[in-house]
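# Structure assessment
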Amino acid sequence: MARAIKRPPSKTSFVWFLILVLFVSGYYYNNNETNGDVKDVSFSEFRKDITQDNILDSKVTLSGSTIIYETSKNVNKKTLKEPQAALSQILSDTEYQELDIQIKQEDTFWLEFIISAFPAVLILFFFLFMMRSAQSSNSQALNFGKTKARLSNGTTSKTKFADVAGAKEAKEELKEVVDFLKSPKKYLKMGAKIPKGVILVGPPGTGKTLLARAVSGEAGVPFFSISGSEFVEMFVGVGASRVRDLFKNAKKTSPCIIFIDEIDAVGRQRGTGLGGGHDEREQTLNQILTEMDGFETGANVIVIAATNRPDVLDPALLRPGRFDRRVVVDRPDIKDRQAILEVHARKKPLKKNVDLSAIAKRSPGFTGADLENIMNEAAIMSASKNLKKIGQPELENALEKVALGPEKKSRVLSDEERNITAHHEVGHAVVGHLMPDCDPVHKLSIISRGQALGITWYLPEEDRHLYSKSKFESELCAMLGGYVTEEIFFGQVTTGPSNDLERTTAMARRMVIEFGMSDLGPVTYGEKNHEVFIGRDIGHSKNYSEKTAYEIDLRVSNLIHEAYKKTFKIVKENKALITKISLDLLEKENIGRDEFESYFK
Ligand code: ADP
Ligand code: MG
Ligand code: ZN
């Protein structure tokens, strides 16, 4: 929503109210002042004054029900009569005829005016109020197209490259951008064109936003940021007008950085959508392209965009002169993970013997955001335990919590369920251990976490980038280990392994259609773009015939059946061992790597 400045309506109303109050009180004050030295007396005293002939010149003034007179001793007196009663009647038993009664029109003009005007004023207020709110909603509607990009605190970001651990190549590339922003003349003199757009590509949480901020911080230039999804609003055309507005603002403050987060939300390939949303997206994208082309060479505004789906971006965005610089921000390797942990440990008190490299080793595939989360969880845990410093156990616990989800100690399992779960997990672990190429078992647990009743946690010895067919086959067996164990030990399977089966099938399928690991040969099937993007998917996702589909299904099922046979053999042969470990696991709830491996010596 646009941020229209909403004045609190109470302020002006208050002023009006104040004026009214002043008015009224002024009236009364005035009245009181003229009668300042008048003595209030009772009606009977008035009567007495008449009978005793105490009234100066017998002069009495009657104004409404108020009777004012002056005594022969020069005292001004005032009394009240009943409003309806005539003075002649009340005084009929006295010699009132001798009085010189002056009847004055009661001075109630202002009072009457205020009383009669009050409803009108009320209505006026009401209208003013209505108009005010109508106006503000109007201006909100008009402001709708205004960009929501914020100048981060008016100036530059405080983040520096030093706050971004690892990501060496990305930083290297971005240092150039910083230099362009700092000293554009140097490049212009050489006749070089300063790049207009940089696109940061990488999985969520790897630090793309952080890097963009760091560029602004290093170059000392303002940072405008907007998210792709913010462009797309209720009304068609808003996105385009936001873009126009954003670039206009940016050019005014150049040199500066425009950061478009999640650009895939607007930058998808055009001409593919079916629904209404796509028109809007297309207009917005066109506007971005137009604006980027419209920069003069000296504009010194660099647009940084971020996405985790570069594959869906419109090629027009990526051509030279637009986002032609692509910086890949990948998941950190073990060294970078340690560095990231160190960055986030900076402001936290750590015990001296804390070994962050052990945590880094055990967190393959984690992103910077995950690692930050580990440090934070560890800090929370330590604080809630009233510790002075964060120790290794807290870090390990935090790692587990982030990797596997929080423990659910409150979930109560029956003895039978616990027994089945223990056997199931041990089945996974033993099969995994005995198959070649499988990652070592890091931990076995029958404490529920999230959806899972138990967990077998495999961890690779080191970060892995390539996976062989034999590794996949071993993993298929390990994943089936739970299912097969339940079948052999309890004579039937439960619903427990359904997730295992899903993953097994998905993996076997990918081996066939993506990796060419079956006798269908080195062919990939289906578009890699799995995500549904209306229109595109309907036409293209399945690019093979029904016959091929049948062949694929056959290979998938073959792979799984082969794995099943192997697994069955292993579990059968190791029944005694599985029983033994299961009993221990039931008792201890957790078994670590060293202990687990000692069963095989
Ligand atoms: P992305 O934009 O790629 O989704 P972010 O830049 O928002 O990810 O990163 C999320 C958080 O993770 C950051 O705020 C930062 O604290 C942490 N983080 C990610 N990568 C790093 C890194 N290389 N060094 C330090 N912290 C990082
Ligand atoms: Mg981000
Ligand atoms: Zn399982």
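Notes on the structure follow. Quick caveat, the model's predicted, so the values are computed rather than measured.

Secondary structure summary: the protein contains 23 helices and 14 strands in total. Taken across its 601 residues, the protein has 42% of its residues classed as buried. Within the protein, contacts between residues at least 6 apart in sequence are counted, and of these 74% link residues at least 24 apart. Accessible area for the protein stands at about 33400 Å²; split by element, carbon and sulfur atoms hold 54% of it.

Right, let's talk about the site of ligand 1 for a bit. Around ligand 1 sit 15 residues, and of these A165, G205, K208, T209 and E372 come closest. Residue T209 places a side-chain N or O atom 2.5 Å away from an oxygen atom belonging to ligand 1. Compared with its free state, where it exposes 560 Å², ligand 1 has 81% of that area covered by protein. When contributions to the shell around ligand 1 are tallied by element, the ones reaching two or more residues are α7 (208-219), α13 (334-345) and α15 (368-384). When its residues are assigned to classes, the shell around ligand 1 shows six nonpolar, six polar and three charged. Taken together, domain 2 (150-328) and domain 3 (334-404) each give at least three residues to the shell around ligand 1, which thus spans both.

Here the focus is the layout of surface pockets. Each pocket or cavity is described by its volume, and for the second largest pocket that value is around 970 Å³. Forming the boundary of the second largest pocket are 39 residues, of which V164, A165, T206, G207 and L210 lie nearest the centre. Breaking the lining of the second largest pocket down by element, the ones donating at least two residues are α5 (168-182), α7, β10 (301-307), α13 and α15. Among the elements that take part in the lining of the second largest pocket, α13 stands out by supplying five residues, more than any other. In terms of residue class, the lining of the second largest pocket is built from 13 nonpolar, 10 polar and 16 charged. Two domains share the lining of the second largest pocket, each providing at least three of its residues, namely domain 2 (150-328) and domain 3 (334-404).

Attention now moves to α13. The first and last C-alpha atoms of α13 sit 16 Å apart over 12 residues, in line with the 16 Å expected at 1.5 Å per residue. Along α13, the residues that are buried comprise R337, I340, L341, V343 and A345. Of the surrounding elements, those touching the buried residues of α13 are α14 (356-361) and α15.

To continue, consider the pattern of salt bridges. In the structure shown here, the tally under the stated rule is 29 salt bridges. Residue E396 pairs with R362 through a salt bridge whose shortest N-O separation is 2.3 Å. Placement of E396 in helix α16 (residues 392-404) and of R362 in the loop between α14 and α15 is noted, with a sequence separation of 34 residues between them. The class of E396 is partly exposed, set by a relative accessible area of 24%. E394 is paired through a salt bridge with K385; the nearest N and O atoms lie 2.8 Å apart. Each member of the salt-bridge network shares a partner with another, and the members are E400, E407, K443 and R449.

For the structure shown, the criterion picks out 11 aromatic pairs. Measuring from centroid to centroid gives 6.4 Å for F126 and F127, while their planes differ by 75 degrees, and the two rings are edge-to-face. Considering the side-chain rings of F180 and Y187, the 4.4 Å spacing of their centres and the 70 degrees angle between planes classify their relative orientation as edge-to-face. Among the aromatic residues, ring-to-ring pairing joins F43, F46 and Y69 into one connected group.

Rules of the game
- Residues numbered from 1 in each chain as written.
- Chains lettered and ligands numbered in written order.
- Predicted model: local features only at pLDDT ≥ 70, side-chain atom pairs only at ≥ 80, totals over all residues.
- Heavy atoms only, no water.
- Helix = DSSP H or I, 4+ residues; strand = E, 2+ residues; numbered from the N terminus.
- Buried < 20%, exposed > 50% of the residue type's maximum accessible area, 1.4 Å probe, protein only.
- Contact = heavy atoms within 4.5 Å.
- Areas by Shrake-Rupley, 256 points an atom, 1.4 Å probe, with all protein chains shown as cover.
- Near = heavy atom within 4 Å.
- Polar contact = N/O pair within 3.5 Å; in protein donor to acceptor, adjacent residues only side chain to side chain.
- Nonpolar A, V, L, I, M, F, W, Y, C, P; charged D, E, K, R; others polar.
- Domains from an automatic or database assignment.
- 1 Å grid on protein atoms, 1.4 Å probe; cavity = no way out; pocket = protein on both sides within 12 Å on 5 of 7 lines; lining within 4 Å.
- Points joined across faces, edges and corners; volume = space filled by probe spheres on them.
- Expected span 1.5 Å × (residues − 1).
- Salt bridge = Lys/Arg side-chain N within 4 Å of Asp/Glu carboxyl O.
- Phe/Tyr/Trp six-rings, centres within 6.5 Å; stacked < 30°, edge-to-face > 60°.

Note that all results are geometric; they support no functional claim without further evidence.
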